[in-house]
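Residues per chain, in single letters:
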2 protein chains.
Amino acid sequence: MTPARTPTGAAPTRGRRPGRSTGDDREVAILATAERLLRERPFGDISIDDLARGAGISRPTFYFYFPSKDAVLLTLLDRVTEEANAAAGDALVRLAEDPRARWRELIARFHATFGGHRDVVLACAQVRGTNAEVRRLWAEVLERWVRAVEAAIEGERARGAAPDGLPARDLAIALNSMNERVWYATFAGDGPAVAERDVVDVLLDVWLTAIYRTTTPPSL
Amino acid sequence: MTPARTPTGAAPTRGRRPGRSTGDDREVAILATAERLLRERPFGDISIDDLARGAGISRPTFYFYFPSKDAVLLTLLDRVTEEANAAAGDALVRLAEDPRARWRELIARFHATFGGHRDVVLACAQVRGTNAEVRRLWAEVLERWVRAVEAAIEGERARGAAPDGLPARDLAIALNSMNERVWYATFAGDGPAVAERDVVDVLLDVWLTAIYRTTTPPSL
DNA sequence: GACACCAGTCAACACCCTGTCGAGTGGAAT
DNA sequence: ATTCCACTCGACAGGGTGTTGACTGGTGTC
């Protein structure tokens, strides 16, 4: 696996061969094709041949750029999670100035990012069951967010704004998990789901009550 | 699809042919094989041939009993959800006598049922992404639980034990979604997860604070 | 007892998808 | 002019799914 053809570039990102120049266009074309096809049908119904033809290359050539279909999705997921991390940014600093507004900002930004790439997010959720690599990456990303939320909760408890209760980490896991599943249902549109218009406020309310026991936590 | 070979029995359950007598053993054998294999490897790594050989029949013969591999899992899921429904039972009646204990009972019973069939539950979660039938069944089941919780929340608000706030349905969706995802992580063991020992109490706390704004809601 | 019927069974086939191998090809570097 | 290598693809091997059509043996019927 991952023959690492060229020791040219820096770190070989995500099993993708670190091509030089000509190949870059093709790699981009494959990713663009994947995003386009994902808009019209589920990931499982897209074959490597579809991806290759869409990028104007043959199937064997596809393997020069990506080791598998899943690796393409992984690259797409990488982008989304990076964007989400950037969007989340500093929403949790100076939480004390206006806790409700800050938490809402955090949730709304994630919502906007995921909503903007719902096809990729949905495809990843589907593949997570069968692909260990996607599972691992998602677990990493989630762990990062859980830690950030855990620290924020502990900060709020330390300043007396939030009461003690569950271990902050467990609470952070539960709340992040809720968001993930609720967003999934909202974007997928199958099964019981919160309307997209309301979802941020619904999630926010549960977060605030779980953390503060009130929907109007105190500022400084 | 679903040729409906024999118009013998009543409603043909879940695409499974309504066999008469000899075939019943084989059908049971297939289901048992599926459960056994699921204990040792993921659903995607189990082929129809594995299922057939495990039940002592050939692959074509498998198709006499089930229209696909997924249909086997669907039958297994049916059992689990029926068991869960039975276990949940009357936990939400007379909620007012001891709300905390009742809610805990509900969550604990679901936890016990799912934990007792974690392989099936995990497999379904994985397949849900690719199989519309599983998705539909799960959506149905979830809808039922959401409605029950929604009604319970409204009951608690009516008697003045729980404050108004989010639409009860949205809250019920969010809480049920949280449980699903948190259990999944706990049983799967990948990514950030709550320890199995603690998971019921963690979920309970979030439910109580979201519904009542306190972890010690008032009795009658 | 011969016959028809049918649930149940499977070898063989057609098909699709994945991943690999080996033989190219063309442009840049020596 | 030659070498080298990123890049390309035809052809193959392998494995999974779903279907077809022929066969078998038990049961009920006349």
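Report on the accompanying structure. All of these numbers come straight from a predicted model, not from anything done at the bench.

### Some thoughts on the relation of the copies chain B and chain A
Overlaying chain B on chain A yields an RMSD of 0.0 Å, the required transformation being a rotation through 180° with an accompanying axial translation of 0.0 Å. Both copies are brought into coincidence by an operation consistent with a two-fold rotation axis. Nearest to the rotation axis, the C-alpha of Met178 of chain B is located 2.0 Å from it, this being the minimum over chain B. When the interface residues of chain B are mapped onto chain A, 100% of them are again interface residues, pointing to one common binding face.

### Quick look at the interface of chain B and chain A
Between chain B and chain A, the contact holds 36 residues from the first and 36 residues from the second. Summed over both partners, the interface of chain B with chain A buries about 3100 Å², with 68% contributed by carbon and sulfur atoms. When the area that chain B buries against chain A is broken down by residue, the three leading residues are Arg181, Pro192 and Arg213 of chain B, summing to 21%. Summed over the shared surface of chain B and chain A, the result is two salt bridges. Glu180 of chain B is the salt-bridge partner of Arg181 of chain A, the closest N and O atoms lying 2.8 Å from each other. The tally of links from chain B across to chain A stands at two residue pairs in polar contact (both at pLDDT 80 or more). Mapped by element, the contributors of at least two residues to the side of chain B that touches chain A are α6 (118-128), α7 (132-158), α8 (168-188) and α9 (199-212) of chain B. For the side of chain B that touches chain A, the element with the most residues is α8 of chain B, which contributes 11 residues.

### Re the side chain of Glu180 of chain A
In this fold, Glu180 of chain A is placed in helix α8 (residues 168-188). You can call Glu180 of chain A buried: its relative accessible area is 13%. Of the polar contacts made by the side chain of Glu180 of chain A, one reaches the side chain of Arg128 of chain A; its length is 2.6 Å. Those residues within four positions of Glu180 of chain A in sequence are excluded, and the remaining contacts are Arg128, Trp138 and Leu142 of chain A together with Arg181 of chain B.

### Observations concerning the layout of surface pockets
If you add up the space inside the second largest pocket, you get close to 370 Å³. Around the second largest pocket, the lining is made up of 21 residues, and of these Gly129 of chain A together with Arg41, Pro42, Phe43 and Gln126 of chain B lie nearest the centre. Residue assignment for the lining of the second largest pocket shows that the elements contributing at least two residues are α1 (22-40), α6 and α8 of chain B. Sorting elements by how many residues they give to the lining of the second largest pocket places α6 of chain B first, with five residues.

Cut-offs applied
Residues numbered from 1 in each chain as written. Chains lettered and ligands numbered in written order. Predicted model: local features only at pLDDT ≥ 70, side-chain atom pairs only at ≥ 80, totals over all residues. Heavy atoms only, no water. Least-squares fit on C-alpha atoms with pLDDT ≥ 70 in both. Contact = heavy atoms within 4.5 Å. Buried area = accessible area lost by both parts, 1.4 Å probe. Salt bridge = Lys/Arg side-chain N within 4 Å of Asp/Glu carboxyl O. Polar contact = N/O pair within 3.5 Å; in protein donor to acceptor, adjacent residues only side chain to side chain. Helix = DSSP H or I, 4+ residues; strand = E, 2+ residues; numbered from the N terminus. Buried < 20%, exposed > 50% of the residue type's maximum accessible area, 1.4 Å probe, protein only. 1 Å grid on protein atoms, 1.4 Å probe; cavity = no way out; pocket = protein on both sides within 12 Å on 5 of 7 lines; lining within 4 Å. Points joined across faces, edges and corners; volume = space filled by probe spheres on them.

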